[in-house]
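The residues making up each chain are set out below.
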Amino acid sequence: MTITPVLLAGGSGTRLWPVSRKSFPKQFAALVGDETLFQASARRLSGEDYAAPLVMTNADFRFIVAEQLEQAGIEAAAIMIEPSGRNTAPAILAAALKVAETDPAQLLLVAPSDHVVPDVAAFSNAVRKGAVAARQGRIVTFGIEPTRPETGYGYMEAEAGGDGPVTLRRFVEKPDAQTAARMIADGNYLWNAGIFLFSAETMIAAFKAHAPEFLAPVQAALAEARSDLGFLRLAPEPWDRLPDLSIDYAVLEKAANLSVVRFAGHWSDLGGWDAVWREAQDGAPAERGAVTDARSTAIDCDNVLLRTQDEGMEVVGIGLQDIMVVATNDAVLVADMNRAQEVRKAVSALKAKGARQAESFLRDHRPWGWFETLALADRFQVKRIVVNPGAALSLQSHFHRSEHWIVVSGTARVTVDDTVTLVTENQSIYVPLGAVHRMENPGKVPMVLIEVQTGAYLGEDDIIRYEDVYSRT
């Protein structure tokens, strides 16, 4: 029997700001290696042991999920859209109920989509060990053998035993450094990876016993769900009545049928820039602990991380120690390496002052491609727009702005009121204020254009959609 992976892909990852933001969080970024964390997670949970994955995400990320799965050559069994964030308990119950519709005995492996586990074979071996207990009605967790007295993780106390599933005695909240050191010396405490294996019927029974208030709203959200362009949208009204609780608090801390499998392989939740620095050190020890990328230079530096996401920017550090510098094209983070867990405070501070950089990038991803702002001032904005082959923007109009479009690569099919025109490289077209218009890419390569907007208001909410192939409201 194969196992159905359930990938949780709705988090915001504020501790990895400015590269991870609410509009495009860390699971969809290539922070370690060439693949995104989400793609690496989906690939890790694929192969002969696994069925097609079920992905839990939100409406903002649904097209990113679909596009990244397609790029990885993985087809999902379902991409389920949560109407609002309610933590992991409702999401896991929804997945269990969905799978139970066809096979209540089917095993589900729930995993976050932003973890790093390089040794796929070792992880798969741990899952096979856990599957034995899961088929016997156990809820199996995976505990990471700790390598340091980490205070940023929750812990689990495991019964002494071999390398197979053993009884999980209790969960332990994130400890202080002294307590963490004492637990590691004990030898029976493991990091809680937030990865769970169980049969659909076992998890449903656990909710009935320990959190029955979840059942009716999640069942209603599934019963009233609607299919939308290949996604499954859970019904918002019953879903929004659900408590905001993790699976640990709602069910696992009350359940008696818990087992844990020890995993001694390398694992990281990339919970901060110090973790990214540590990953680079583990993979290829850097001279004097200076971790840089292709556009960063460290001169006489100790234990630093220098990273830039902007192709046109160079970052240089001289004489730095225990410092991390992370730059994008609209924000720069400079912080003490030992205070990596406090980066989320920067996000809160920026939100309080109304800074766009707190949650959004200059580059904005859309189901048809993406655009980024190149220049923005009073009464004008310049954008670069990339439209995927065969994709089309919505048929729309604006109250406050007109637009000039200049095609720099590919061919655009442009509708302006009743006129349809093919606009090729080095040609331009004008869209008057109020005109009903649409842009499409009829070609087989990405189409790139420069858009110049002029008007009294240039916000993205100045748009009326008449038709949209992506069913956006």
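Rules used in this analysis
Residues numbered from 1 in each chain as written. Predicted model: local features only at pLDDT ≥ 70, side-chain atom pairs only at ≥ 80, totals over all residues. Heavy atoms only, no water. Helix = DSSP H or I, 4+ residues; strand = E, 2+ residues; numbered from the N terminus. Rg over C-alpha atoms; globule rule 2.2 N^0.38 Å. Buried < 20%, exposed > 50% of the residue type's maximum accessible area, 1.4 Å probe, protein only. Contact = heavy atoms within 4.5 Å. UniProt positions renumbered as here; feature names shortened; annotations may be inferred. Phe/Tyr/Trp six-rings, centres within 6.5 Å; stacked < 30°, edge-to-face > 60°. 1 Å grid on protein atoms, 1.4 Å probe; cavity = no way out; pocket = protein on both sides within 12 Å on 5 of 7 lines; lining within 4 Å. Points joined across faces, edges and corners; volume = space filled by probe spheres on them. Pairing = 2+ DSSP bridges. Right-handed = clockwise from strand over helix to strand, strands pointing away. Salt bridge = Lys/Arg side-chain N within 4 Å of Asp/Glu carboxyl O. Axes fitted to C-alpha atoms, helices over the stretch in contact; angles between N-to-C directions. Parallel < 35°, antiparallel > 145°, perpendicular 65-115°, else oblique. Left-handed = near helix turned anticlockwise from the far one by under 90°. Nonpolar A, V, L, I, M, F, W, Y, C, P; charged D, E, K, R; others polar.

Where an unreviewed UniProt entry is consulted, the protein chain appears under the name mannose-1-phosphate guanylyltransferase, with the organism given as Paracoccus sulfuroxidans.

Visitor: Go over the overall build of the protein chain with me, naming the residues and quoting the values.
Guide: Within the protein chain, the secondary structure is distributed over 11 helices and 28 strands. Scaling as 2.2 N^0.38, a compact globule of 473 residues should have a C-alpha radius of gyration of about 23 Å, and the protein chain matches this with 24 Å. Overall size of the protein chain, expressed as C-alpha extent along the three principal axes, is 75 × 60 × 40 Å. Buried residues in the protein chain amount to 51% of all 473 residues. Long-range pairs, those at least 24 residues apart, make up 68% of the contacts in the protein chain between residues at least 6 apart in sequence.

Visitor: Report on the UniProt feature "domain: Mannose-6-phosphate isomerase type II C-terminal" (unreviewed entry) in the protein chain, specifying residues and quantitative values.
Guide: The UniProt record annotates "domain: Mannose-6-phosphate isomerase type II C-terminal" (unreviewed entry) at residues 358-468. Helix and strand shares over residues 358-468 are 0% and 58% respectively, and the end C-alpha atoms of the span are 29 Å apart.

Visitor: Any details on the packing of aromatic side chains? Residues and values, ideally.
Guide: The geometry of an aromatic ring pair is captured by the separation of the ring centres together with the interplanar angle, meaning the angle of the planes. A complete count under the given rule lists 11 aromatic pairs for this structure. An angle of 50° between the planes, with centres 6.2 Å apart, marks the rings of W191 and W267 as tilted. One end of the pair, W191, is in strand β8 (residues 189-199); the other, W267, is in the loop between β11 (258-263) and α10 (273-283), with 76 residues separating them in the sequence. Side by side, W191 and W267 carry an identical accessibility label, which is buried. Residues F207 and F214 carry aromatic rings whose centres are separated by 5.7 Å and whose planes lie at 70° to one another, so their mutual orientation is edge-to-face.

Visitor: Pulling in residues and values, what's your account of the environment of I195?
Guide: Checked against the element boundaries, I195 lands in strand β8. When its relative accessible area of 5% is taken as the criterion, I195 is described as buried. Along the backbone, I195 and I299 are 104 residues apart, and their C-alpha atoms lie at a distance of 41 Å. Ignoring any residue separated from it by four or fewer positions in sequence, one finds I195 in contact with L109, V110, A111, P112, F123, V140, T141 and F142.

Visitor: Quick rundown of empty space enclosed by the protein? Include the residues and the values.
Guide: Summed over the entire model, instances satisfying the criterion amount to 1 cavity of 30 Å³ or more. Counted as a void, the largest cavity has a volume near 40 Å³. In terms of lining, the largest cavity is formed by L7, S41, R44, L45, A111, P112, H115, F123 and I195. Contributing elements (two or more residues each) for the lining of the largest cavity: α1 (37-44) and β4 (107-112).

Visitor: Tell me about the pairing of strand β1 (residues 3-8), and please be specific about residues and values.
Guide: Within β1, 6 of the 6 residues are buried, which leaves the element mostly enclosed by the surrounding structure. Across the two faces of β1 the burial is the same, with I3, P5 and L7 and T4, V6 and L8 all buried. Where β1 lies against strand β2 (residues 54-58), 3 bridges are found, and the strand directions are parallel. Each residue of the ladder has a partner; that of V6, found in β2, is L54. Between the parallel pair β1 and β2, the chain is carried across by α1, and the sense of this crossover is right-handed.

Visitor: Can you break down the pattern of salt bridges residue by residue, with the values?
Guide: Within the structure shown, the criterion is met by 25 salt bridges. Between R339 and E342 there is a salt bridge; the shortest N-O distance is 2.9 Å. For R339, a relative accessible area of 48% gives the class partly exposed. Taking the shortest distance from any N to any O, the salt bridge between E460 and R366 comes out at 3.8 Å.

Visitor: Could you give an account of the packing of helix α3 (residues 88-100) against helix α6 (residues 200-210), naming the residues involved and the relevant values?
Guide: With their axes 9 Å apart at the nearest point, α3 and α6 run at an angle of 130° to one another. Classified by the interaxial angle, the pair formed by α3 and α6 is oblique. Remark: the crossing between α3 and α6 carries left-handed chirality. Residues A89, I92, L93, A96, L97, V99 and A100 of α3 touch α6, and the partners they reach there are A200, M203, I204 and F207. Across the contact of α3 with α6, the residue classes break down as 11 nonpolar, no polar and no charged.

Visitor: Mind laying out the sheet that holds strand β22 (residues 401-409), listing which residues take part and the relevant values?
Guide: The sheet built from 6 strands is open, its strands ordered β18-β19-β20-β27-β22-β25 with antiparallel pairing. Both outer strands of the open sheet, β18 (363-366) and β25 (428-431), are each paired with one neighbouring strand and no more. Ignoring strand direction, the axes of neighbouring strands in this sheet form an average angle of 20°. Where strand β20 (residues 380-387) meets strand β27 (residues 447-455), 8 bridges bridge the pair, whose relative direction is antiparallel. Counterpart to R384 in the pairing with β27 is I450.

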